[in-house]
Amino acid sequence: MGRKVTLATCSLNQWVLDFEGNLERILKSIEIGKSKGARYRLGPELEISGFGCMDHFYECDTLLHCFQVLEKLLVSPICQDIICDVGMPVMHRNVRYNCRVIFLNKKILLIRPKMILANAGNYREFRWFSPWNKPRKVEEYFLPRMIQEVTGQETVLFGDAVLSTKDTCVGSEMCAELWAPNSPHIDMGLDGVEIFTNSSGSHHEIRKAHSRVGLVKSATAKAGGIYLLANQKGCDGDRLYYDGCAMIAVNGNIVAQGAQFSMDDVEVLTATLDLEDIRGYRAELPLVQSEPYYRVKVDFALSAHDDVFVPTYEPIQWRYHTPEEEISLGPACWLWDYLRRSGQAGFLLPLSGGIDSSATACIVYSMCLQVCLAVKNGNSQVLEDVRRVVCDITYTPQEPTELCGRIFTTCYMASENSSQDTCNRAKELAKQIGSYHINLSIDMAVKAMVGIFSMATGKWPQFRVNGGSSRENLALQNVQARIRMLLAYLFAQLSLWARNRPGGLLVLGSANVDESLRGYMTKYDCSSADINPIGGFSKSDLRSFIQYCIENFNLTALRR
């Protein structure tokens, strides 16, 4: 009698509408899981299409290409003899659903639609999908002909059901369903489901990992069970960074932890766990049976007959990153994903010598450090990407300062009101991180702008220190700020051309979340950039991050 099951979950760096690349990464994760003995593989939410397709979900082509990928998965030898759980959008009776498609050996076992949609904060799932409002109910789904030809099935079950294998019972929930007060795992556990799976598209926020881990642990602490969580990772095309954190828990304890910040496109976690641990745990609890779920019978076992001496995983202590580490690593990984997919050759940052722009510069330095570490650890994809970014097929980054010099340009834009101290701070920090640094004066452009105004009106505005009014003072400050924005984009487009190098640069902004919420900023100043890596962080967190960079990156210029 088998009782020890080996299960696999993963974090994948999927790209929106990159169907071929997404297929390749899904297959790789299944292959790795099988090589480790897994007989069930769980993937992230909407992994076939990519999570952030937005209004592309309305397009019938998106649904068609998802089924074309599913067809390739069904016929692939890699996907045989393992239950595969993949995510994709599915239209059922002219209604779009965010679904899990679970299949085994060229047969679709169940299509499970999401029941509780995320529609707050960064999420707008109700715009593209409808929730499945029929708990414990299933209907017939008519498969497309291309899938029928592979599976030999005309229809499959669609709805809220669980899988009953020869040795255990498996139930699915999806992302926001874990965070809801009426999570499906509660009733599933009371109905005898022993393994819960959760496919997520959960983005990074500072300190959010504590909540995510706590929810997974509590899901099995009350009534026992195994919980697998898979998550998207990286930047799949929008402003969010998905931070992995795949995990496996049993009876309230974490037994496998995935990386939260990583440049690996595919990460697979496996764990071998004893089903008798769940049954023994539940034997001591006063459980009340709930309304039964429809059980899909599966002629397949997740355990082997001769597993008596197979070792099982032991509980581990989750290693949380500090907020300063999260600021250092999360935006750095996001910036790298954004850069390698943009076709640009690097970044340009207006560096003022203050806290905010210095923090942004440190995040780019951290990105270069992570890239060098990934290359050193043998990540061939990162090496291929960095060579494409710098347009040198022989280049191999060794030090972060060296890589910074190739892909990062900083620019101090002085005016007659700037101090030598801020100029020196910017120059010293640029030297320590290795960026290509430019010093320039904007006074000529400011005088030209004010001169045009003076010629038209006959008035010459003055700063307050020279006797001007508040209106004059604010207008002149804004002219300086907006000229810096224009110059930032000019240098981003042409500075590499001036150095006889190909490509353009992405402009980085440096406005923290406190300024954005209060409106304490100039419209269209040098914070009006392509991307703003610190736009979600408070000033107090950034000050702590600066101290972290002094201590961990030895950037002593930040002390000033």
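Residues numbered from 1 in each chain as written. Predicted model: local features only at pLDDT ≥ 70, side-chain atom pairs only at ≥ 80, totals over all residues. Heavy atoms only, no water.

## Regarding helix H9 (residues 323–342)
Owing to its 3.6 residues per turn, the α-helix aligns residues three or four sequence positions apart on the same side. In this model, H9 (20 residues) spans 28 Å end to end at C-alpha, consistent with the 28 Å of a helix rising 1.5 Å per residue. The buried fraction of H9 amounts to 16 of the 20 residues, a majority that puts the element mostly inside the structure. Once H9 finishes, Gly 343 follows within two positions and takes phi at roughly 80 degrees, a positive value. (Helix = DSSP H or I, 4+ residues; strand = E, 2+ residues; numbered from the N terminus. Expected span 1.5 Å × (residues − 1). Buried < 20%, exposed > 50% of the residue type's maximum accessible area, 1.4 Å probe, protein only.)

## Some words on the sheet that holds strand E17 (residues 347–350)
Two strands in a sheet stick together by hydrogen bonds in their backbones, pointing the same way (parallel) or opposite ways (antiparallel). Judged by pairing direction, the sheet is parallel, and its four strands sit side by side in the order E19-E18-E17-E20 without closing on themselves. Only two strands of the sheet have a single partner each, and these edge strands are strand E19 (436–441) and strand E20 (506–507). (Pairing = 2+ DSSP bridges.)

## Re the packing of aromatic side chains
Throughout the structure, instances matching the rule amount to 15 aromatic pairs. Judged by centre distance (6.3 Å) and plane angle (35 degrees), the ring pair of Phe 196 and Tyr 227 falls under tilted. Linking Phe 196 in strand E10 (residues 195–200) with Tyr 227 in strand E11 (residues 226–234), this pair joins segments that are 31 residues apart in sequence. The burial state of Phe 196 is the same as that of Tyr 227; both residues are buried. An angle of 35 degrees between the planes, with centres 5.1 Å apart, marks the rings of Trp 334 and Tyr 338 as tilted. (Phe/Tyr/Trp six-rings, centres within 6.5 Å; stacked < 30°, edge-to-face > 60°.)

## Thoughts on the side chain of Arg 112
With respect to the helices and strands, Arg 112 occurs in strand E5 (residues 107–113). On the accessibility criterion, Arg 112 (0% relative accessible area) is buried. Excluding anything up to four places from it in sequence, Arg 112 contacts Asn 98, Cys 99, Arg 100, Gly 159, Asp 160, Ser 172, Glu 173, Met 174, Glu 177 and Pro 184. (Contact = heavy atoms within 4.5 Å.)

## Brief notes about the packing of helix H14 (residues 443–457) against helix H15 (residues 470–498)
The N-to-C vectors of H14 and H15 enclose an angle of 125 degrees; their axes lie 10 Å apart at closest approach. Put simply, H14 runs oblique to H15. When the axes of H14 and H15 are compared, the crossing they make is right-handed. For the pair H14 and H15, contact is made by Ala 445, Val 446, Met 449 and Val 450 and by Leu 476, Val 479, Gln 480 and Ile 483, respectively. (Axes fitted to C-alpha atoms, helices over the stretch in contact; angles between N-to-C directions. Parallel < 35°, antiparallel > 145°, perpendicular 65-115°, else oblique. Left-handed = near helix turned anticlockwise from the far one by under 90°.)

## Quick word on the packing of H9 against helix H10 (residues 355–376)
Two measures define how a pair of helices packs: the angle their axes make with one another and the distance between the axes. Put simply, H9 and H10 touch, their axes get as near as 8 Å, and they point 75 degrees apart. It follows that H9 is roughly perpendicular to H10 by the angle criterion. Seen from H9, the contacting residues are Ile 327, Ser 328, Leu 329, Pro 331, Ala 332, Leu 335 and Trp 336; seen from H10, they are Ile 363, Val 364, Ser 366, Met 367, Gln 370 and Val 371.

## Looking at the UniProt feature "domain: CN hydrolase" (unreviewed entry) in the chain
Here, UniProt's "domain: CN hydrolase" (unreviewed entry) annotation points to residues 5–275. What you have in residues 5–275 is 26% helix and 34% strand, and the ends, taken at the C-alpha atoms, are 7 Å apart. (UniProt positions renumbered as here; feature names shortened; annotations may be inferred.)

## Regarding the pairing of strand E9 (residues 169–174)
Across the six residues of E9, six count as buried, placing the element largely inside the fold. What you see with E9 is no split at all: Cys 169, Gly 171 and Glu 173 on one side and Val 170, Ser 172 and Met 174 on the other are buried throughout. Across two bridges, the pairing between strand E8 (residues 161–164) and E9 is antiparallel. Across the sheet, residue Leu 163 finds its bridge partner in E9, namely Val 170. Between E8 and E9, which pair antiparallel one after the other, the connecting turn spans four residues.

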